[in-house]
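Report on the structure
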Amino acid sequence: MKPEQLLLLAILAATVGAFLWGRWRHDMVAAGALLACVLGGLVEPGDAFAGFGHPAVITVACVLVLSRGLQTSGAVDALARAILPAKAGRTLSLAALMGLGALLSSVMNNVGAMALLMPVAIHLSDRLGLAPGQILMPLAFGTILGGMTTLIGTPPNLIVSGFRAAAGQGGFAMFDFTPVGLAVALAGILLVALVGWRLVPARKQAGIEGFESGAYITEVRVPEDSKAAGLRLREIEEALADVDAQIVGVVHKEVRLIAANPGRMVHAGDILLIEAEADSLPDVLSILGLKLEEAVKPEKTDGPEAGTQSCPQAATKPGDEKEEDEDKAPAAKSGEIVLMELAALPGSPLAGRSATDIMLRTRYGINLLALSREGRRSMKRLRRIAIQPGDLLLLQGPPESIAEFAADKGCVPLAARELYIPDRRKAWEAVSIMVLAIAVAAFGVLPAAVAFALGVLASMVLRTVPPRAVYDAIDWPIVVLLASMIPVAGAMEATGTADLIARLLMDNVAQGHAVAGLLLILVVTMCLSDLMNNAATAAVMCPIAIGTASALGVNADAFLMAVAIGASCAFLTPIGHQNNTLILGPGGFGFGDYWKLGLPLEIVVVAVAVPMLLWAWPL
């Protein structure tokens, strides 16, 4: 063994050990490994950061941005309502939820798909009478399985494709992963939906919501094309039952009706006062095609309100006309419009004053969309409610304007939450951009990195992802990890270290049998992926897989595909995949809870993957 091989093996051992220890973030460990290779003369200084321009790294970053557009536009919410059965039993509901998660994961980042569907899973657990973890773990595993089916479904696939291209054979195409990945995903989903969910411990949930803000009172307008127009109140409440929303009042032609008759017909132009959690607001709007009242141009005057008592704050005053005049509202300071939750502090100048009193729209250019007051409801219109210390305000406007308002009026932001208003037009635009980017890459019109970069540019132009939010959508630790490990893996090949490890494995374990070698690569990759980041596992194992195939004199594609499958199938621990980590708290799980379902699932993966690999990628 040469000195440079010994040095590289020592660096790799230290890197894997640091990944397993978990004391430092994985991007720090990967960057440390890269710099150690540079200082040790294993990677040329001029090539140290070449990984940041690697097509796999660019593609991963672009897919994350496009995924954000699907999320914030409400496209995923609409798809979930269309696909998931409303009253099915446990098996069918679980299969549908996992199938939807797998479908989303095939075209967007699987962590993003998991985050989008977690609220759906928690609601489904209530309906099915199961512990949240018994739905969350199947969903997490379903989204992981779905990522294996396409080139862009998960970072390991992109890394594997990049190593194939570096070996001079060209990268894998968009759907080269589908035959094996789809078979494994279907087998895994069937196992979990039929019997596997019973193996998940029914733990007490911990911190599903992150924090409790209470229900908001929100005003929504019924547009002409809304499904609510022509329905009775009881029918609307039935449609909103699954999102835990209820109607507490109606405004018809400026007449405020409290405790309206459930048989009352709702007409286009009516305003509904709805009580719902902040996280449920997107669903409330999407289900029936409603619009937030303050998000659309308001009427010039409020007029009298029946059924309520007048108060000083509700009296008409000169400021009201300014408040309602859109032409006099200040121009937005930036092109970005956000939703933010603020809490009014004790001693806030807002105490006893309404949005109309402080000329919220005129002075700051922001809208009050909803107000939450613990355990109490107001009988007044939203913009006329006198704000009290402790009230929670949901505001819409440019972030700098909201920050200015918070500083002026003694408010503080709540913990960050992804809040958004569904937009049907932008949802179609986001879906169209993603589909076109996938099609361009799949048919070889442009390389995947270029196709998805064009998609990101289109998203910025059409504002399905605001330009200021583009860089926030990228998981930079993953980008640094990939960019750092690619040169390290290149050093493994250049120094002959990968070939050395491959020969040791083949001579001592597989003993020259190609199928045994393929099985070994798959199992070793799965074991590593359960203990360290899946992208790092793929970067470490790809050179070994190529070297193993070369030593056996067989097709390397089957071995690279085995790495892709093994790197994605991390079901034994909460640290093997980010989706497993996401459900650790909400599911109330411990470190040792995952293997009870994960081990049978990994056995099924091996049993299905090996024959499929031999069929799809003959040795």
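Conventions and cut-offs
- Residues numbered from 1 in each chain as written.
- Predicted model: local features only at pLDDT ≥ 70, side-chain atom pairs only at ≥ 80, totals over all residues.
- Heavy atoms only, no water.
- Helix = DSSP H or I, 4+ residues; strand = E, 2+ residues; numbered from the N terminus.
- Contact = heavy atoms within 4.5 Å.
- Areas by Shrake-Rupley, 256 points an atom, 1.4 Å probe, with all protein chains shown as cover.
- Core = buried A, V, L, I, M, F, W, Y, C linked by side-chain atoms within 4.5 Å.
- Buried < 20%, exposed > 50% of the residue type's maximum accessible area, 1.4 Å probe, protein only.
- Axes fitted to C-alpha atoms, helices over the stretch in contact; angles between N-to-C directions.
- Parallel < 35°, antiparallel > 145°, perpendicular 65-115°, else oblique.
- Left-handed = near helix turned anticlockwise from the far one by under 90°.
- Pairing = 2+ DSSP bridges.
- Phe/Tyr/Trp six-rings, centres within 6.5 Å; stacked < 30°, edge-to-face > 60°.
- pLDDT = per-residue confidence, 0-100.
- Polar contact = N/O pair within 3.5 Å; in protein donor to acceptor, adjacent residues only side chain to side chain.
- Patch = residues over 30% accessible without salt bridge, like charges linked within 9 Å, V, L, I, M, F, W, Y side chains within 5 Å.
- Salt bridge = Lys/Arg side-chain N within 4 Å of Asp/Glu carboxyl O.
- Nonpolar A, V, L, I, M, F, W, Y, C, P; charged D, E, K, R; others polar.
- Expected span 1.5 Å × (residues − 1).
- Arc of directions from axis to C-beta.

Our focus in this paragraph is the overall build of the chain. Helix and strand content of the chain: 23 helices and nine strands. A sequence separation of at least 24 residues applies to 80% of the contacts in the chain between residues at least 6 apart. Summed over its atoms, the accessible surface of the chain is roughly 25,000 Å², and 62% of this surface lies on carbon and sulfur atoms.

The subject of this paragraph is the nonpolar core. Among the nonpolar cores identified, the biggest contains 135 residues, and Phe141 and Phe452 are the most heavily contacted of them. What phenylalanine 141 contacts, discounting residues up to four positions off in sequence, is Phe571, Asn580, Tyr594, Leu597, Gly598 and Leu601. One finds Leu240, Ile274, Leu281 and Ile287 within the second-largest nonpolar core, a separate group that totals 25 residues.

A word on the packing of helix H19 (residues 514-529) against helix H21 (residues 556-568). It is at 7 Å that the axes of H19 and H21 come closest, and there the two elements cross at 25 degrees. Viewed along their axes, H19 and H21 adopt a mutual orientation that is roughly parallel. Along this stretch, H19 crosses H21, giving a crossing that reads as right-handed. Contact residues: Ala514, Gly517, Leu518, Ile521, Leu522, Thr525, Met526 and Ser529 in H19; Ala558, Phe559, Ala562, Val563, Ile565, Gly566, Ala567 and Ser568 in H21.

In terms of burial, strand E7 (residues 367-372) is largely enclosed, as six of its six residues are buried. Relative to strand E8 (residues 392-397), E7 runs antiparallel, the two sharing five bridges. Following the sheet pairing, leucine 368 is matched in E8 by leucine 395.

Okay, the environment of cysteine 62 next. Following the sequence through the fold, cysteine 62 ends up in helix H3 (residues 55-72). Judged by relative accessible area, which is 10%, cysteine 62 ranks as buried. Setting aside chain neighbours within four positions, we find cysteine 62 in contact with Phe452, Ala453 and Val456.

Under the defined criterion, the tally for this structure stands at five aromatic pairs. Centroid distance phenylalanine 172 to tryptophan 617: 5.6 Å. Interplanar angle 70 degrees. Geometry classified as edge-to-face. Taken together, the residues span a long stretch of sequence, with phenylalanine 172 in the loop between helix H8 (155-166) and helix H9 (178-194) and tryptophan 617 in the segment after helix H23 (595-616) at a distance of 445 residues. When the centroid spacing of 5.3 Å and the interplanar angle of 80 degrees are considered together, the rings of tyrosine 364 and phenylalanine 405 count as edge-to-face.

Attention shifts here to unusual backbone geometry. Within the chain, methionine 359 stands out as a residue other than glycine whose phi angle is a positive 50 degrees. Looking at the element boundaries, methionine 359 is found in the loop between strand E6 (338-344) and helix H13 (360-364). Residue arginine 463 is not a glycine yet carries a positive backbone phi of 65 degrees. We classify arginine 463 as partly exposed; its relative accessible area is 31%.

As a further point, take the confidence of the model for the chain. Per-residue confidence for the chain gives a mean pLDDT of 77, with 80% of residues at or over 70. For the stretch residues 206-213, pLDDT sits under 50, and the model shows 17 contacts to residues farther than four places along the chain or on other chains. This model gives residues 296-329 a pLDDT under 50, and the stretch forms 59 contacts once residues within four places in sequence are excluded.

Time to look at the side chain of arginine 164. Here arginine 164 shows up in helix H8. Residue classification places arginine 164 among the buried residues on the basis of a relative accessible area of 13%. In this structure the side chain of arginine 164 is engaged in a polar contact, spanning 2.8 Å, whose partner is the backbone oxygen of glycine 170. Sequence-distant contacts of arginine 164, defined by excluding residues within four places in its chain, comprise Gln169, Gly170, Gly171, Phe172, Asp557 and Leu560.

Among the surface-exposed residues, Phe443, Val445, Leu446, Val450, Leu454, Leu457, Val461 and Leu462 lie close enough to one another that they form a single nonpolar patch of about 770 Å² accessible area. The exposure class of valine 450 is partly exposed, given its relative accessible area of 38%.

Next up on the list: the pattern of salt bridges. Once their charged atoms are close, side chains differing in charge can pair, the charge on each being opposite to the other. Inspection of the entire model under this criterion finds two salt bridges. With a shortest N-O distance of 2.7 Å, aspartate 557 and arginine 164 are connected by a salt bridge. With aspartate 557 in helix H21 and arginine 164 in helix H8, this residue pair connects regions lying 393 residues apart in the sequence. For the residue pair aspartate 557 and arginine 164, the accessibility class agrees, reading buried in each case. For lysine 596, the salt bridge goes to aspartate 593, with nearest N and O atoms at 3.8 Å. For aspartate 593, a relative accessible area of 5% gives the class buried.

This part is about the side chain of threonine 495. The residue threonine 495 is located in the loop between helix H17 (476-494) and helix H18 (497-510) in this model. For threonine 495, the residues in contact, after removing those within four places along its chain, are Glu4, Gln5, Leu8 and Leu42.

This brings us to the environment of alanine 483. The residue alanine 483 is located in helix H17 in this model. Between the C-alpha atom of alanine 483 and that of alanine 31, which follows or precedes it by 452 residues, the distance is 8.7 Å. Excluding its chain neighbours within four sequence positions, the residues that come into contact with alanine 483 are Gly51, Phe52 and Val57.

This brings us to the packing of helix H5 (residues 90-107) against helix H7 (residues 132-146). Where H5 meets H7, the closest approach of the two axes is 7 Å, and the angle between their N-to-C directions is 35 degrees. Considering how the two elements wind past one another, H5 and H7 form a crossing that is right-handed. Packed against H5, whose contacting residues are Leu94, Leu97, Met98, Gly101, Ala102, Ser105 and Ser106, the element H7 presents Gln134, Ile135, Pro138, Leu139, Gly142, Thr143 and Gly146 at the interface. Across the contact of H5 with H7, the residue classes tally to seven nonpolar, seven polar and no charged.

With that settled, consider helix H16 (residues 448-462). Helical geometry: 3.6 residues make up each α-helical turn, so side chains three or four residues apart lie on a common side. Given a rise of 1.5 Å per residue, 15 residues ought to cover 21 Å, and the 21 Å separating the end C-alpha atoms of H16 matches this to within 8%. Restricting attention to buried positions, one finds in H16 the residues Ala448, Ala449, Ala451, Phe452, Gly455, Val456 and Ser459. The buried residues of H16 occupy an angular sector of 165 degrees when the element is viewed end-on, so they sit on one face. Where H16 ends, the next residue or the one after it, arginine 463, has phi of about 65 degrees, a positive value.

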